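# Structural overview for review
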Amino acid sequence: MKVLILGGDGYLGWPTAMYLSWKGHEVAVVDNYFRRRACTELNCEPLLAVPSLHQRGELWQAVSGRKIQVFIGDLCDYQFLSHVFQEVDPEGVVHYAEQPSAPYSMMGREAAVFTLTNNLVSTCNVIHAVAEFNPDCHIVKLGTMGVYGTPNIDIEEGYLEVEHKGRKQKFLYPKAPGSLYHLTKAQDGDMLYFYCRMWDIRVTDLNQGPVYGVQTDESGQDDRLASIFNYDSIFGTVLNRFVVQAVVGHPLTVYGNGGQTRGYLNIADTMACVELSLLQPAGRGEYRVFNQFVETFSVNELAEKVRGAGRQSGFDVKINKVPNPRREAEEHYYNPVHTNLFELGLKPHYLNEAVLGDMLAFVKKHSANINLDLILPQVHWKTENRCNSIR
Ligand SMILES: NC(=O)c1ccc[n+]([C@@H]2O[C@H](COP(=O)([O-])OP(=O)(O)OC[C@H]3O[C@@H](n4cnc5c(N)ncnc54)[C@H](O)[C@@H]3O)[C@@H](O)[C@H]2O)c1
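A few points on the structure. These numbers were taken from a predicted model, which means no experiment stands behind them.

## Observations regarding the nonpolar core
- Within the largest apolar cluster, 51 residues are counted, with the highest numbers of intra-cluster contacts made by Tyr104, Phe235, Phe242, Leu351, Leu356 and Val363.
- The set of elements that each furnish at least two residues to this core consists of α2 (34-41), α5 (102-105), α6 (109-133), α7 (180-199), α8 (238-248), β10 (252-255), α10 (299-312) and α12 (353-365).
- Ranked by size, the runner-up nonpolar core spans 39 residues in total, among them Tyr11, Ala17, Val27 and Leu346.

As structure tokens, this is what we get:
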């Protein structure tokens, strides 16, 4: 397939590009380096310095013999996006290119407005480009399980059938996001659903849980191909952060009671889910929603797993409960359905000591780069505690 990956420089975008390229797809990537710029501005650089996207493309070609076409520019600029669409003429578009951090979106007014504008305008432009240049092109957009919040009933995959006064109707599952970032994911999902109904575009929305991991089969060939890996409290995801904390001997930072439960998946499973969705696309006019995760854990359970694997690898891991900077339920019911991707053929990777052992070893190898100032949370959800400029 001809696949255009938006946000192809990011934590998930670059490994997806290599994965699909290795599988024989024709891959092009777009990025505007927002993530890199934000890391520099906030002084939260990733574990490893990452070559530019053009350099990564060249490295990948040297390693694999395959070419990934690179475009640097902003999706909010429709002229730029139109040019890319006409040049690539994709059959599938993977839309990763959003501001992906909940804490970033809660930092202050400017970050909030940026998150809203970037995430909604980029999605709107993608829809218009598809409609203008190839209405048959399938959009695979990365959403988040965080759009649902933590309701006291089972979470279905996208839709809920409601019976009201003797009549039935299927609605999008009610959303109750817990950060402005998550709200934009609810809003861009609504926008895609709207255009499916209005213009018969094809969309798969992958409501993904937090991803962990760094190395994939493709990046394992050369560390310079590794994904951008953040361990700070703004861009780092929880398990990646815990692994870094374990390696440097910092107590694992469990927020509040640690009963917050979410659905997690290995970075390798993200790639597989995206390819499965591309190869078995949504129909014209269909807004398809998949809950993309493999297994659920509370934060306490994750911390215990890291402590156990750390012990095996020779790290003395301590766990510390820190005041929760977020506003969220710390004990709650959580039972989301997640069968659609398994039915499409997902062969999941589960979180075990071997997986954690590999992550610990990778981080240890690069541990000289770890900045301890980035471990504790900096952004608070409540207005009075909010931090407008980090460090
Ligand atoms: N990483 C996770 O655990 C996770 C979980 C659930 C959902 N997601 C979603 O998956 C997607 C990718 O996440 P990620 O962790 O790889 O984030 P990331 O920040 O590493 O990747 C996103 C990339 O998009 C680029 N980008 C942002 N706005 C852009 C614009 N206007 N034009 C061009 N490029 C732009 C950024 O520079 C970045 O490289 C995001 O939409 C995120 O919300 C991620």
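## Observations concerning the environment of Ala303
- Position of Ala303 among the secondary structure elements: in helix α10.
- Apart from the residues lying within four places of it in its own chain, the contact partners of Ala303 are Phe242, Leu252, Val254 and Ile319.

## Some words on the pattern of salt bridges
- Applying the stated criterion to the full structure yields 15 salt bridges.
- Between Arg36 and Asp9 there is a salt bridge whose closest N-O contact spans 2.5 Å. On the criterion of sequence distance, the pair formed by Arg36 in helix α2 and Asp9 in the loop between β1 (2-6) and α1 (13-22) is long-range, its members being 27 residues apart. Summarising the burial analysis for this pair, Arg36 and Asp9 share the class buried.
- Salt-bridge contacts for Asp136 lead to Arg202; the nearest nitrogen and oxygen are separated by 3.0 Å. Taken together, the positions of Asp136 in the loop between α6 and β5 (138-144) and Arg202 in strand β8 (residues 202-208) put the pair 66 residues apart, joining distant regions of the chain.
- Given a relative accessible area of 40%, Asp136 falls into the partly exposed group.
- When its relative accessible area of 15% is taken as the criterion, Arg202 is described as buried.
- Members of the salt-bridge network, linked through shared partners, are Asp9, Arg36 and Arg56.

## Looking at the pairing of strand β7 (residues 167-172)
- Bridge count between strand β6 (residues 159-164) and β7: six bridges; the pairing is antiparallel. Bridging from a neighbouring strand, His164 pairs with Arg167 of β7.
- Counting the residues in the hairpin turn of β6 and β7 gives two residues, including Lys165, whose phi is positive at 50 degrees.

## Notes on the environment of Arg307
- Its place among the elements puts Arg307 in helix α10.
- Since its relative accessible area comes to 24%, Arg307 is described here as partly exposed.
- Here the alpha-carbon distance between Arg307 and Val238, two residues 69 residues apart in the chain, equals 14 Å.
- Leaving out residues up to four positions away in the same chain, Arg307 has contacts with Val317 and Ile319.
- At 2.8 Å, the side chain of Arg307 and the side chain of Glu304 are in polar contact.

Reading the values: the criteria
- Residues numbered from 1 in each chain as written.
- Predicted model: local features only at pLDDT ≥ 70, side-chain atom pairs only at ≥ 80, totals over all residues.
- Heavy atoms only, no water.
- Core = buried A, V, L, I, M, F, W, Y, C linked by side-chain atoms within 4.5 Å.
- Buried < 20%, exposed > 50% of the residue type's maximum accessible area, 1.4 Å probe, protein only.
- Helix = DSSP H or I, 4+ residues; strand = E, 2+ residues; numbered from the N terminus.
- Contact = heavy atoms within 4.5 Å.
- Salt bridge = Lys/Arg side-chain N within 4 Å of Asp/Glu carboxyl O.
- Pairing = 2+ DSSP bridges.
- Polar contact = N/O pair within 3.5 Å; in protein donor to acceptor, adjacent residues only side chain to side chain.

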